[in-house]
Amino acid sequence: MSLVIRVLGARSEWWREHMQSLLPEFECRLWEDPGPLEAVEYAIVWRPPAGGLKQFPNLKAIVSIGAGIDHILADPELPRGVPIIRTTGSDLTERMREYVCLHVLRFHRRLPEHEEAQSLHEWRPGINPPASERKVGIMGLGNLGADAARTLAMIGFDVAGWSRGEKTIEGVATYAGEAGFDAFLARSEILVCLLPLTEATRGILDAALFAKLPKGAFLINCARGQHVVDADLLAALDSGQIAGATLDVFHQEPLPADNPFWSHPKVLVTPHVASLIDPVTGGKMIAANLRRFIAGQDVPDLVDLSKGY
Ligand code: NDP
Ligand code: OXD
């Protein structure tokens, strides 16, 4: 009985060794060296190649090394009916909380302007509005969005959130579905995207949405690059409709060297690091989920494939 692990880059062997120590009853192998294909019962993956998972005829579950599962569903030959388990946990939530607060505060406290002034040796003091007068909007109120919304509200921001279904979060104004969308956008001076990538959310950050934000709003996208229509964002930045953007995720990753976001003066690029899962804490979560799944117990991270996220 074996499981395969697919991680991109230098961390593969770290993951393999760690998962082997957590799940000694399995033979843990790397994707590139899976051994007998019929022995593979579980695949722990990040961005599996198209057609890759169907080579294992006895797959019992697929585990996403991440909260998102879009990278698995993107496979047109994905074996249907195999359960998918995503990876969540306090570690992931805490890292995303830090990222969102850091970048909301960066815009709120005008850090890009201070950095520019410093580069010119100019002393440019200015009074900032208090956090209570800064309206922040969080798209997606799941594990990550709800936590970020609560934390920003605790810091003192005037926070609203938008989700598919109705939600109640103390200290946060909530909006849902199509009906609440425009009102939510109209008040979002700093907009944070924490939506999953689905057919309903692909390309949602487009010209029509930017036009509904207050003039000079800021965008922080830490969900998926495919949420953004890049040409629309560049146009909104150039017109001043969007005053600045922090982008952690992109259509193509790594971001190609000639992509205009790299050198845009109003854009901060981070390399998909908002909240990375590491083998130590993430591995524990994955092992615990697999043990519950194998024992036939409830697995809260089991994805409801009818929702698609
Ligand atoms: P969840 O599945 O827990 O939450 C998703 C939220 O989005 C829910 O509130 C859901 O609404 C809402 N939503 C889904 N579809 C729609 C829609 N069509 N309209 C309005 N709201 C919608 O996800 P997580 O919080 O765990 O993660 C969110 C995403 O963050 C991941 O899918 C991933 O892409 C990204 N991510 C990025 C990372 C990074 O490092 N950059 C790290 C981790 C995650 P409802 O509550 O009603 O279901
Ligand atoms: C995730 C990610 O989905 O890291 O967890 O993007």
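Residues numbered from 1 in each chain as written. Chains lettered and ligands numbered in written order. Predicted model: local features only at pLDDT ≥ 70, side-chain atom pairs only at ≥ 80, totals over all residues. Heavy atoms only, no water.

1. Focus on the pattern of salt bridges
Link 1 in the chain: Counted under the stated rule, the structure contains 17 salt bridges.
Link 2 in the chain: Two residues, Glu-27 and Arg-29, come together in a salt bridge whose shortest N-O distance is 2.7 Å.
Link 3 in the chain: Notably, a salt bridge pairs Asp-278 with Arg-95, separated by 2.8 Å at the nearest N-O pair. With a gap of 183 residues between them, Asp-278 in the loop between β12 (267–269) and α9 (279–294) and Arg-95 in helix α3 (residues 90–108) connect regions that are remote in the sequence. (Salt bridge = Lys/Arg side-chain N within 4 Å of Asp/Glu carboxyl O. Helix = DSSP H or I, 4+ residues; strand = E, 2+ residues; numbered from the N terminus.)

2. Some words on the domain arrangement of the protein chain
Link 1 in the chain: Under the domain assignment used here, the protein chain contains domain 1 (2–87 + 277–294) and domain 2 (90–269).
Link 2 in the chain: Spacing between the C-alpha centres of domain 1 and domain 2 amounts to 32 Å.
Link 3 in the chain: With 10 residues of domain 1 in contact, the opposing surface of domain 2 contributes 7 residues.
Link 4 in the chain: Summing the contributions of domain 1 and of domain 2, the shared interface buries around 690 Å²; its carbon and sulfur component is 41%.
Link 5 in the chain: Along the contact surface separating domain 1 from domain 2 lie 3 salt bridges.
Link 6 in the chain: In this structure, Asp-70 engages Arg-224 in a salt bridge whose closest nitrogen and oxygen atoms are separated by 2.9 Å.
Link 7 in the chain: Summed over the shared surface of domain 1 and domain 2, the result is 4 residue pairs in polar contact (both at pLDDT 80 or more). (Domains from an automatic or database assignment. Contact = heavy atoms within 4.5 Å. Buried area = accessible area lost by both parts, 1.4 Å probe. Polar contact = N/O pair within 3.5 Å; in protein donor to acceptor, adjacent residues only side chain to side chain.)

3. Notes on the packing of α3 against helix α5 (residues 143–155)
Link 1 in the chain: Interhelical geometry of α3 versus α5 gives an angle of 50 degrees and a closest axis separation of 9 Å. Classified by the angle their axes make, α3 and α5 are oblique. Taken as a pair, α3 and α5 cross one another with a handedness that is right-handed. Here Leu-92, Thr-93, Met-96, Arg-97, Val-100, Cys-101, Val-104 and Leu-105 of α3 lie close against α5, whose contacting residues are Asn-143, Leu-144, Asp-147, Ala-148, Thr-151, Leu-152 and Ile-155.
Link 2 in the chain: Considered class by class, the residues forming the contact of α3 with α5 number 10 nonpolar, 3 polar and 2 charged. (Axes fitted to C-alpha atoms, helices over the stretch in contact; angles between N-to-C directions. Parallel < 35°, antiparallel > 145°, perpendicular 65-115°, else oblique. Left-handed = near helix turned anticlockwise from the far one by under 90°. Nonpolar A, V, L, I, M, F, W, Y, C, P; charged D, E, K, R; others polar.)

4. Some remarks on the site of ligand 1
Link 1 in the chain: Neighbouring ligand 1 are 28 residues, the closest being Arg-86, Leu-141, Gly-165, Lys-167 and Tyr-309.
Link 2 in the chain: Contact with the protein chains removes 91% of the 950 Å² of surface that ligand 1 exposes when unbound.
Link 3 in the chain: Secondary-structure elements contributing two or more residues to the shell around ligand 1 are α5 and β7 (158–163).
Link 4 in the chain: The class makeup of the residues in the shell around ligand 1 is 14 nonpolar, 9 polar and 5 charged. (Near = heavy atom within 4 Å. Areas by Shrake-Rupley, 256 points an atom, 1.4 Å probe, with all protein chains shown as cover.)

5. Digging into the sheet that holds β7
Link 1 in the chain: The 7 strands lie next to each other as β8-β7-β6-β9-β10-β11-β12, forming an open sheet whose pairing is parallel. The open sheet has two edge strands, β8 (173–176) and β12, and neither has a second partner. For this sheet, the mean inter-axis angle between neighbouring strands, taken without regard to orientation, is 15 degrees.
Link 2 in the chain: In terms of strand pairing, strand β6 (residues 135–139) meets β7 through 5 bridges, oriented parallel. (Pairing = 2+ DSSP bridges.)

6. Digging into the environment of Gly-225
Link 1 in the chain: By the element assignment, Gly-225 lies in the loop between β10 (217–221) and α8 (230–239).
Link 2 in the chain: Looking at Gly-225, the relative accessible area reads 1%, which means it is buried.
Link 3 in the chain: It is 33 Å that separates the C-alpha atoms of Gly-225 and Leu-120, two residues lying 105 residues apart in sequence.
Link 4 in the chain: Not counting residues within four places of it along the chain, the set of residues in contact with Gly-225 comprises Val-249, Phe-250 and His-251. (Buried < 20%, exposed > 50% of the residue type's maximum accessible area, 1.4 Å probe, protein only.)

7. Some thoughts on the site of ligand 2
Link 1 in the chain: Neighbouring ligand 2 are the residues Trp-46, Gly-66, Ala-67, Gly-68, Arg-224, His-272 and Ser-275.
Link 2 in the chain: Ala-67 places a polar main-chain atom, nitrogen or oxygen, 2.7 Å from an oxygen atom of ligand 2.
Link 3 in the chain: Arg-224 has a polar side-chain atom sitting 2.8 Å from an oxygen atom of ligand 2.
Link 4 in the chain: Protein chains shield 86% of the accessible area of ligand 2, which is 210 Å² for the free molecule.
Link 5 in the chain: Of the residues belonging to the shell around ligand 2, the class tally is 2 nonpolar, 4 polar and 1 charged.

8. Remarks on unusual backbone geometry
Link 1 in the chain: With an omega dihedral of -10 degrees, the bond running from Glu-253 to Pro-254 counts as a cis peptide bond.
Link 2 in the chain: Checked against the element boundaries, Pro-254 lands in the loop between β11 (242–247) and β12.
Link 3 in the chain: One non-glycine residue, His-121, adopts positive backbone phi at about 60 degrees.
Link 4 in the chain: If you trace the backbone, His-121 turns up in the loop between α4 (111–119) and β6.
Link 5 in the chain: Overall, His-121 belongs to the exposed group, its relative accessible area being 75%.
Link 6 in the chain: The phi dihedral of His-272 is positive, around 50 degrees, even though this residue is not glycine.

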